[in-house]
Amino acid sequence: MHPLPCFWLKIGILLFLAGKGLHLKCEICSDMKHDCAGRAYTCLPIFDSCVTIQSEKFPAFTLNKPYHAKGKRAVTKKCIGSSLCREGLSVVNLGRRGIIATKLSCCEEEDCRMPVLPLPPINTTSNGKACPVCLSFSSTSCRSEGMVYCMGDQHYCLFIDGIASAEDSGTFATIGDPIITSYIAVRGCANQAFCDTFHEGAVHLASLTVIGSGHCELATARDAAARGHYGCCCPVLAGLLLLKVLACFLPATKI
Ligand SMILES: *[C@@H]1O[C@H](CO)[C@@H](O)[C@H](O)[C@H]1NC(C)=O
């Protein structure tokens, strides 16, 4: 949007809100670290909660071996709608692209600042199931690149096609800023916490918000699942901007 209309839109909404007295403020920041600190900003009226989104992306695991390496961390603090505040540890396993663990912590008081605790460890014990795996940022579909073995509580295969967005703090401060978006298609193993949040509509995958269609289905045993058809990955033509944002997170993404 042109800066001038954005400016007036901002002013208009601010005046509207001043009249309504709605002004939850949240700490806003993001970093590729365990924690971050920032100033408090006024949330847009649709957002009634402050959230800390912690994520950790681990490299591909060796099945059944205890895992000690640290993953790549990221943290984002922003405004969110409280209906999206499911606080379980969601886990998505993308095979050789690694495992992404994401945890939301919400609070609804003015500028509430919660301590950021470490994420619990990932269970790397095979659970005997397998899912088709692929990831694309260039289209809303991707062809399976093979199977990934599910671990721990990853009892579901996930199939999501939609739009991913990053870097939107949900505040007045960022109205008019471009929101970085891309198509996304993801297949892999997932746990119940991830599938529950996905059924709510939007879902968080690391620092991305994904809005789309798809489903989770109970994963089948590895041998039965291994009979599927596997194509190769589509060439990536778009979504490069988002990939820059993601570069630290999904380094194995083939371009
Ligand atoms: C890890 O996952 C395996 C396979 O699902 C399960 O049997 C085991 O109880 C889990 N361990 C922990 C500590 O949760």
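Residues numbered from 1 in each chain as written. Predicted model: local features only at pLDDT ≥ 70, side-chain atom pairs only at ≥ 80, totals over all residues. Heavy atoms only, no water.

Going by an unreviewed UniProt entry, the protein carries the name Phospholipase A2 inhibitor N-terminal domain-containing protein and comes from Phrynocephalus forsythii. Recorded in UniProt for the protein, the comment headed Sequence similarities (unreviewed entry) runs: "Belongs to the CNF-like-inhibitor family." In its Subcellular location (unreviewed entry) section, the UniProt record describing the protein reads: "Secreted". (UniProt positions renumbered as here; feature names shortened; annotations may be inferred.)

Quick look at the nonpolar core now. Among the nonpolar cores identified, the biggest contains 30 residues, and Leu158, Ile184, Phe194 and Leu205 are the most heavily contacted of them. The set of elements that each furnish at least two residues to this core consists of β10 (147-151), β11 (156-166), β12 (180-190), α2 (192-199), β13 (203-205) and β14 (208-218). A per-element tally of this core places β11 first, with seven residues. With residues up to four places along the chain from it excluded, the contact list for Ile184 reads Ser136, Phe137, Ser139, Thr140, Ile160, Asp161, Gly162, Ile163, Ala164, Leu205, Leu208 and Val210. (Core = buried A, V, L, I, M, F, W, Y, C linked by side-chain atoms within 4.5 Å. Buried < 20%, exposed > 50% of the residue type's maximum accessible area, 1.4 Å probe, protein only. Helix = DSSP H or I, 4+ residues; strand = E, 2+ residues; numbered from the N terminus. Contact = heavy atoms within 4.5 Å.)

What follows is about the site of the ligand. Around the ligand, the neighbouring residues are Asn123, Thr125, Ser126, Asn127 and Gly152. Protein contact buries 35% of the 360 Å² of open area that the ligand shows by itself. Tallied by class, the residues present in the shell around the ligand amount to no nonpolar, five polar and no charged. (Near = heavy atom within 4 Å. Areas by Shrake-Rupley, 256 points an atom, 1.4 Å probe, with all protein chains shown as cover. Nonpolar A, V, L, I, M, F, W, Y, C, P; charged D, E, K, R; others polar.)

Another aspect to go through is the pattern of salt bridges. Going through the model one piece at a time under the given rule, you end up with nine salt bridges. Arg113 is the salt-bridge partner of Glu27, the closest N and O atoms lying 3.1 Å from each other. In this pair, Glu27 sits in strand β1 (residues 25-27) while Arg113 sits in the loop between β7 (99-107) and β8 (126-132), placing the two residues 86 residues apart along the sequence. Given the relative accessible area of 43%, Arg113 is considered partly exposed. We note a salt bridge from Arg73 to Glu56, for which the minimum N-O separation is 3.6 Å. With Arg73 in strand β5 (residues 72-80) and Glu56 in strand β4 (residues 49-58), this pair connects stretches of sequence that are 17 residues apart. Taking the relative accessible area as the measure of exposure, Arg73 reaches 27% and is therefore partly exposed. Glu56 sits in the buried class, given a relative accessible area of 7%. One connected set of salt bridges, linked through shared partners, spans Glu27, Asp35, Lys77, Asp111 and Arg113. (Salt bridge = Lys/Arg side-chain N within 4 Å of Asp/Glu carboxyl O.)

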